[in-house]
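Geometric and topological summary
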Amino acid sequence: MTGRDRLPTAVLLAFGLVALEEARKLRFGSIARPGPGFFPVVLAAAFSLVCLVLLVGAVRGRDEDAPVAARLGWAKIVATMAALFVYALVLEVVGFVAATFALLLFFFRALERQRWPLALAGSLVTALLTYLVFKVWLHVQLPAGPGGG
Amino acid sequence: MDLLHGLTYGLAVSLQPGNLAACFVGVFVGTLIGVLPGIGPVATMSLLLPITFTMSPTASIIMMAGIYYGAMYGGSTTSILVNIPGEAASVVTCIDGYQMARQGRAGPALGISAMGSFIAGTFSVVGIMLLAPPLTSIALRFGPPEIFGLLLLGFTMVTYLTAGSKLKAVAMALLGLLLGTVGLDPISARPRFTYGSVTLADGLGLVPIIMGLFGVSEVLLNIGAGVEQEVFETRIRGLLPSREDWKRSAGPIARGSVLGFLLGILPGIGAIIPTFISYALEKRLARQPERFGKGAIEGVAGPEAANNAATGGSMIPLLTIGFAPNVVMAVLLGAFLIHGVQPGPLLIKEHPDIFWGVIASMYVGNAMLLVLNLPLIGLWVQLLRVPYGILFPLILIFCVIGVYSESSNVWDIVVMLAFGVLGLLMKRFGFEAAPLVLAFVLGRMAEESIRQALLMSGGRLSILLTRPLATAFVAAALIVVVLPVALPPVKRLLRTVPVEDVA
């Protein structure tokens, strides 16, 4: 487990330093008349400092206490995220029902290995039902897509 | 308006058909998502926020509050039957609740947690009614230094009460504050960190961040780890606890109610920590502490009462000061603001219908939950048999709908996905989400109050130490830092708190 914290704290430190550099471009003002840059600069500096302390601790091999360390199936996680990303991009182009149907079909068939008829029917019914409940019944904003549906 | 008058007025408001229906929907949905592991009140309340656009402010807040305390009832069911907490505040209930179920005593375990929750919920509503009006008059004297002192106390509590690394929690709180500065500067309206993006100019949205960190990341963790939930296969009969059960549970319920309520008022506590303290307390007080962990009903009754009472207590800072003491209240604060209502000391005068209506609706809702829960347990058991492979796509679709419908901006879905990945990595490496979200929500308030305080004092931070209330808050924050070091028992007690917070 030693050194497990090194990478994440290094990434956070890098983020903090970039944020500090960017925040310094804003007008800082003075302590008596703080400007837009005052709060971000103070925060980014404090954040970077805390991350530096964490990183030094991690490099010395002293990990902070152990959290969930279950082995994760990354393939499935990446597939899910990729599908959702594509879904977000096409949502307004093809409309809610079509996009949701395709997304659910991918989850049920490709990830969960349901049989074709079940996966098809389940995806179609769920996509239509959520559309009816949220858009028609509750009047929630959903992207219409071509042909209004 | 005196108390009795206020309460009868509130009851009249909460019994109007629209508000009654909102209350019912709230507690029903709350119980439902409480039962389902992996989706908690924070994500659900954010999801339903857009639906409340067309409702009256009173009905919206009644529904949102109902989801929160409804979830506290539902969470225990899953803990007892499946040994997985339905939501984070029911973690402790797993210990003895599941053991009771294995010994064929699932019925009394479910019964005592529903009734203990009811008693505690009612107690906390009475507490709000008595405490909120006097606190309101104190809150009227709050200026920027007092607000900043209170925020300082809140951040200190939320970071010091986490079980994991305190330093990591501090880092996450600072990150949350930093993310909160994206968008227009609240005082000069200059854009900050927007890089020409329209989505970023409005600031990062609270709903996408919460849905990402609490909804999507939880789903990713579950599908990655391949959870299999097993419902305890036994016929549940006899939900009513025996006289012996009642005799054992009366003390724990009473203590859990008081403890949960008082702790709930404090910033940064939430509903989870009181359950751990209640469990530890009951074990210490018990004549045969060795029964704990082997199906002691006290270990179910006390913590279940504590988490319900805490939900009531945490409403107090929101209703009287307009300050969100935890993430759930932050979402509720958002619901108030969407309807153009500013919760705080003026609420009771300007919107007595909301103030008293919401409080009275919590009486009504607690009664509904008791009636609803006992007969519907069979239904919840069926629900738990739905495989995760069917459940997770639905949860993800709901998250997408919630985020999109709030802003009609697909880029907010992308923001949600990004925070979903961030949340997963945070869980993997032991960083907590609660300090980040709370700091993000309160960041604007923190920045405005410190900048105004500095303007008032001509740049002297000592203004925080020259006004009695502000000094008291800063001193309390210092005590929180020093106390665990000075008193080892306090430190040990706090160390038992789990990694997840208000999920």
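Look up a bit, the structure's there.
So, here is what we can say about the structure in this document. Source: prediction; values computed, not measured. (Residues numbered from 1 in each chain as written. Chains lettered and ligands numbered in written order. Predicted model: local features only at pLDDT ≥ 70, side-chain atom pairs only at ≥ 80, totals over all residues. Heavy atoms only, no water.)

1. What about the overall build of chain B?
Inclusion rule: Each helix is a run of DSSP H or I of at least 4 residues and each strand a run of E of at least 2, with the numbering of both proceeding from the N terminus. As defined in this context, the radius of gyration uses C-alpha atoms, and a globule is described by 2.2 Å times the residue total to the power 0.38. We call two residues contacting when some pair of their heavy atoms lies within 4.5 Å. The Shrake-Rupley method, run with a 1.4 Å probe, gives the accessible areas here. Residue values count only the displayed protein chains as cover. Asp and Glu are treated as the negative residues and Lys and Arg as the positive ones, with His and the ends of the chain left uncounted. Charge positions come from single atoms, namely NZ of Lys, CZ of Arg, CG of Asp or CD of Glu.
Tallying secondary structure elements over chain B gives 23 helices and two strands in all. Against the 2.2 N^0.38 benchmark of 23 Å for 503 residues, chain B shows a C-alpha radius of gyration of 22 Å, consistent with a compact globule. In terms of overall dimensions, chain B has C-alpha extents of about 65 × 50 × 45 Å along its principal axes. Across chain B, the fraction of contacts at a sequence separation of at least 24, relative to all contacts at a separation of at least 6, is 79%. For chain B, the exposed surface amounts to about 17,600 Å²; the carbon and sulfur share of it is 67%. A gap of 9 Å separates the mean positions of the 29 positive and 25 negative side-chain charges of chain B.

2. Overview of helix H2 (residues 17-35) of chain B
Owing to its 3.6 residues per turn, the α-helix aligns residues three or four sequence positions apart on the same side. Residue and element names in this part refer to chain B. Convention followed: To estimate how far a helix should reach, multiply one less than its number of residues by 1.5 Å. Throughout, exposure labels follow a simple rule: accessible area from a 1.4 Å probe, protein chains only, divided by the maximum for the residue type, with under 20% read as buried, over 50% as exposed, and the rest as partly exposed.
End to end, H2 covers 27 Å across 19 residues, agreeing with the expected 27 Å (1.5 Å per residue, within 8%). Buried within H2 we find Asn19, Ala22, Cys23, Gly26, Val27, Val29, Gly30, Thr31, Ile33, Gly34 and Val35. Contacts from the buried residues of H2 go to helix H1 (3-14), helix H3 (41-48), helix H4 (57-82) and helix H17 (352-384).

3. Some details on the layout of surface pockets
Here is the rule we go by: Each cavity reported here is a set of points on a 1 Å grid over the protein atoms alone in which a 1.4 Å probe fits but cannot get out, each pocket an open set with protein on both sides within 12 Å along at least five of seven lines, and each lining residue one with an atom within 4 Å of a point. Grid points are joined across faces, edges and corners, and a volume is the space filled by probe spheres set on the points. The residue classification treats Ala, Val, Leu, Ile, Met, Phe, Trp, Tyr, Cys and Pro as nonpolar and Asp, Glu, Lys and Arg as charged. All others, Gly included, are polar.
Taken as a whole, the second largest pocket holds about 1,100 Å³ of empty space. Looking at the second largest pocket, it is lined by 36 residues, and the ones nearest its centre are Val133 and Phe134 of chain A together with Val29, Leu32 and Phe398 of chain B. For the lining of the second largest pocket, the secondary-structure elements that each account for two or more residues are helix H5 (116-137) of chain A together with H2, H3, H4 and helix H18 (388-407) of chain B. It is H2 of chain B that contributes the most residues to the lining of the second largest pocket, nine residues altogether. Within the lining of the second largest pocket, the residues separate by chemical class into 28 nonpolar, eight polar and no charged.

4. Concerning the packing of helix H10 (residues 206-225) of chain B against helix H19 (residues 410-428) of chain B
Residues and elements named next belong to chain B. For clarity, the threshold we go by: Angles here are taken between N-to-C directions and fall from 0 to 180 degrees, while the axes themselves are lines fitted to C-alpha atoms, restricted in helices to the stretch in contact. Orientation categories follow fixed angle ranges, with anything under 35 degrees roughly parallel, anything over 145 roughly antiparallel, 65 to 115 roughly perpendicular, and all other angles oblique. Crossings are sorted by hand: turned counterclockwise from the far helix by less than a right angle, the near helix makes the crossing left-handed, and turned clockwise it makes it right-handed.
Orientation of H10 relative to H19, taken along the N-to-C sense of each, is 55 degrees, at an axis distance of 7 Å. It follows from the interaxial angle that H10 and H19 lie oblique. When you trace H10 past H19, the crossing you get is right-handed. The residues of H19 that touch H10, namely those facing Pro208, Ile209, Met211, Gly212, Leu213, Val216, Ser217, Glu218, Leu220 and Leu221, are Asp412, Val415, Met416, Phe419, Gly420, Gly423, Leu424, Met426 and Lys427.

5. Concerning the packing of helix H3 (residues 74-94) of chain A against helix H4 (residues 96-111) of chain A
Residues and elements named next belong to chain A. One way to put it is that H3 packs onto H4 with a least axis distance of 8 Å and a crossing angle of 165 degrees. Our classification of the angle between H3 and H4 gives roughly antiparallel. In this structure, H3 meets H4 at a crossing whose hand is right-handed. Only Phe96, Ala98, Ala99, Thr100, Leu103, Phe106, Phe107 and Leu111 of H4 make contact with H3, whose side of the interface consists of Lys76, Ala79, Thr80, Ala83, Leu84, Tyr87, Val90, Leu91 and Val94.

6. Quick word on the pattern of salt bridges
Opposite charge on two side chains lets them pair, provided their charged atoms get close. Cut-off, in case you're wondering: Any Lys or Arg side-chain nitrogen located within 4 Å of an Asp or Glu carboxyl oxygen qualifies as a salt bridge.
What the rule picks out here adds up to 15 salt bridges over all chains. A salt bridge links glutamate 22 of chain A to lysine 25 of chain A; the shortest N-O distance between them is 2.7 Å. Taking the relative accessible area as the measure of exposure, glutamate 22 of chain A reaches 21% and is therefore partly exposed. Arginine 192 of chain B is the partner of aspartate 185 of chain B in a salt bridge, and the nearest nitrogen-oxygen pair spans 3.8 Å.

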